2 protein chains.
Amino acid sequence: MVTIESSIKVRLVKIGELAKLTGCSVQSIRHYEKEKLLATLRRSDGNFRLYDSATVDQLKFIKHCRSLDLSLAEIRQLIALNQQPGMGCEDVNRMVDSHIEQVALRINELQDLQDKLMALRNSCASQSTVKECGILQTLSVTQK
Amino acid sequence: MVTIESSIKVRLVKIGELAKLTGCSVQSIRHYEKEKLLATLRRSDGNFRLYDSATVDQLKFIKHCRSLDLSLAEIRQLIALNQQPGMGCEDVNRMVDSHIEQVALRINELQDLQDKLMALRNSCASQSTVKECGILQTLSVTQK
DNA sequence: CTAAACTCTATGGTAACTATAGAGTCAAGC
DNA sequence: GCTTGACTCTATAGTTACCATAGAGTTTAG
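Here is a short report on the structure shown in this document. From a predicted model like this one, the values you see are computed outputs, not experimental measurements.

Calculation rules
- Residues numbered from 1 in each chain as written.
- Chains lettered and ligands numbered in written order.
- Predicted model: local features only at pLDDT ≥ 70, side-chain atom pairs only at ≥ 80, totals over all residues.
- Heavy atoms only, no water.
- Helix = DSSP H or I, 4+ residues; strand = E, 2+ residues; numbered from the N terminus.
- Buried < 20%, exposed > 50% of the residue type's maximum accessible area, 1.4 Å probe, protein only.
- Lys, Arg positive; Asp, Glu negative; His and termini not counted.
- Salt bridge = Lys/Arg side-chain N within 4 Å of Asp/Glu carboxyl O.
- Contact = heavy atoms within 4.5 Å.
- Near = heavy atom within 4 Å.
- Polar contact = N/O pair within 3.5 Å; in protein donor to acceptor, adjacent residues only side chain to side chain.
- Buried area = accessible area lost by both parts, 1.4 Å probe.
- Nonpolar A, V, L, I, M, F, W, Y, C, P; charged D, E, K, R; others polar.
- Core = buried A, V, L, I, M, F, W, Y, C linked by side-chain atoms within 4.5 Å.
- Least-squares fit on C-alpha atoms with pLDDT ≥ 70 in both.

All names here are of chain A. Counting through the fold element by element, Asp-52 comes out in the loop between strand E2 (49–50) and helix H4 (53–67). Buried charge Asp-52 goes without a salt bridge, the closest partner of opposite sign being Arg-42 at 8.4 Å. Other than its neighbours up to four places away in sequence, Asp-52 contacts Val-10, Arg-11, Leu-12 and Leu-41.

A few words now on the protein's contact with DNA strand D. Neighbouring DNA strand D are 20 residues; Ser25(A), Arg66(A), Gly16(B), Arg30(B) and Arg49(B) lie closest to it. Among atoms of DNA strand D positioned within 4 Å of the protein, sugar and phosphate together represent 87%. Between DNA strand D and Arg66(A), the relevant distance is 2.8 Å, taken from a phosphate oxygen to a side-chain nitrogen or oxygen of the residue. Here a phosphate oxygen of DNA strand D and a backbone polar atom of Arg49(B) are 2.7 Å apart.

Here the focus is the protein's contact with DNA strand C. Near DNA strand C you find 19 residues, and of these Gly16(A), Arg30(A), Arg49(A), Ser25(B) and Arg66(B) are the closest. The sugar and phosphate moieties of DNA strand C supply 85% of its atoms located within 4 Å of the protein. Within the backbone of Gly16(A), one N or O atom sits 2.6 Å away from a phosphate oxygen of DNA strand C. Ser28(B) has a polar side-chain atom sitting 3.2 Å from a phosphate oxygen of DNA strand C. Elements with a minimum of two residues in the surface near DNA strand C: helix H2 (15–22) of chain A together with helix H3 (26–34) of chain B. A total of four residues in the surface near DNA strand C trace back to one element, the largest contributor, which is H3(B).

Take the interface of chain A and chain B next. Facing the 51 residues of chain A at the interface are 51 residues of chain B. Overall, the association of chain A and chain B removes approximately 4,600 Å² of surface from exposure, summing both partners, and the carbon and sulfur fraction of that is 69%. The interface formed by chain A and chain B holds two salt bridges in total. Where Asp97(B) meets Arg121(A), a salt bridge forms, and the shortest distance between an N and an O atom there is 2.6 Å. Seen at the junction of chain A and chain B, the total is six residue pairs in polar contact (both at pLDDT 80 or more). Listing elements by their share of the side of chain A that touches chain B, those giving two or more residues are H4, helix H5 (72–82), helix H6 (90–122) and helix H7 (134–140) of chain A. Per-element tally for the side of chain A that touches chain B: the top contributor is H6(A), with 20 residues. The class makeup of the residues in the side of chain A that touches chain B is 26 nonpolar, 17 polar and eight charged.

A few words on the nonpolar core. Ranked by size, the top nonpolar core spans 78 residues in total, and within it Ile29(A), Leu78(A), Ile29(B), Ile75(B) and Leu78(B) carry the most contacts. Contact partners of Ile29(B), with chain neighbours within four places excluded, come to Ile15(B), Leu18(B), Ala19(B), Cys24(B), Leu38(B), Tyr51(B) and Leu59(B).

Residues of helix H5 (residues 72–82) of chain B that are buried: Leu72(B), Glu74(B), Ile75(B), Leu78(B), Ile79(B) and Leu81(B). Buried positions along H5(B) lie against H7 of chain A together with H3, helix H4 (53–67) and helix H6 (90–122) of chain B.

This part covers the pattern of salt bridges. Opposite charge on two side chains permits them to pair, given that their charged atoms come into close proximity. All names here are of chain A. Summed over the entire model, instances satisfying the criterion amount to 14 salt bridges over all chains. Put simply, Arg-106 and Glu-109 hold a salt bridge, and the shortest N to O gap is 2.7 Å. Of this pair, Arg-106 and Glu-109 both sit in helix H6, separated by three residues, roughly a single helical turn. Residue classification places Arg-106 among the partly exposed positions, given a relative accessible area of 33%. A single salt-bridge network, built from bridges that share partners, covers Glu-33, Arg-43 and Arg-49.

Turning our attention to the relation of the copies chain A and chain B. Overlay of chain A on chain B (RMSD 0.1 Å): rotation 180°, translation along the axis 0.0 Å. The superposition of one copy onto the other is thereby described by a two-fold rotation axis. Identified as the residue of chain A closest to the rotation axis by C-alpha distance is Ile107(A), at 2.9 Å. In this assembly, 100% of the residues forming the interface of chain A have copies in chain B that are likewise at the interface, indicating an isologous arrangement.

Written out as structure tokens, the structure is:
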């Protein structure tokens, strides 16, 4: 039996072109496949991966998520949620909220760090020798 | 020949006590040794690492540097510089300056990310279904 | 038909550790 | 002297999201 679908010609691309279309590296794509974020539609006779345009979109979605620093595990969750259109999307909101919180925490940490580094930097007046360097002296003092 | 030093009794501690004294984990200490940041003064007959109080200070120095997020490679440099008391300390200043710059960059990146995440979060009004979730829709749209 | 360009899998490397296994060491109590 | 528990030893695998490489096979343009 030949289905209608099987007779429609679909443009399939190899991994290199998928990479160009999305701006991902070839290795990343293979990595996403291994991590089950992206499926390979099928293979050529010579075992090359072949992708359709839906996969291009899927990969763009992944790339967008990565640009927001979502982990592959989080993206996997989002993809799974996306496949349950009828469910409530509280889980999606929760994930984004917690991600925002983590980023905020990290920013605060780095801001503290920045303050400490500036103070450290101010403890040395550049034209000094290693022996008298305020930075090294400060680093040698046990902190609170 | 017996030197004066060899007859002075020095209190030596094993790795577990060094860990307690400094707040580092035992594994970290062994890791720092492997990375040549910390030398083991000597070993007991049973091959246990033994440390003196100078090593305690050295490790505190390392810990202080790590709390400022300096890499082990940077710390290794600082230690080397510290052993050349007569030299100018411009290199120390340069390292701290560049570190400050890197942290500033990272803060800016995270701030951008935070803005994007907030915008994303605002695209969904919580009580929605996955199908209508503004977050998932936004993530599916190709960005600039 | 050949050479360049592409793709395949498998493996090792990145940073700074943490965690584990399996074996040996040490100190105290009986 | 012996056991028991706490400690230590080395070596290895795992963490994260890839990148780099080797060695082999595939495809395509000229």
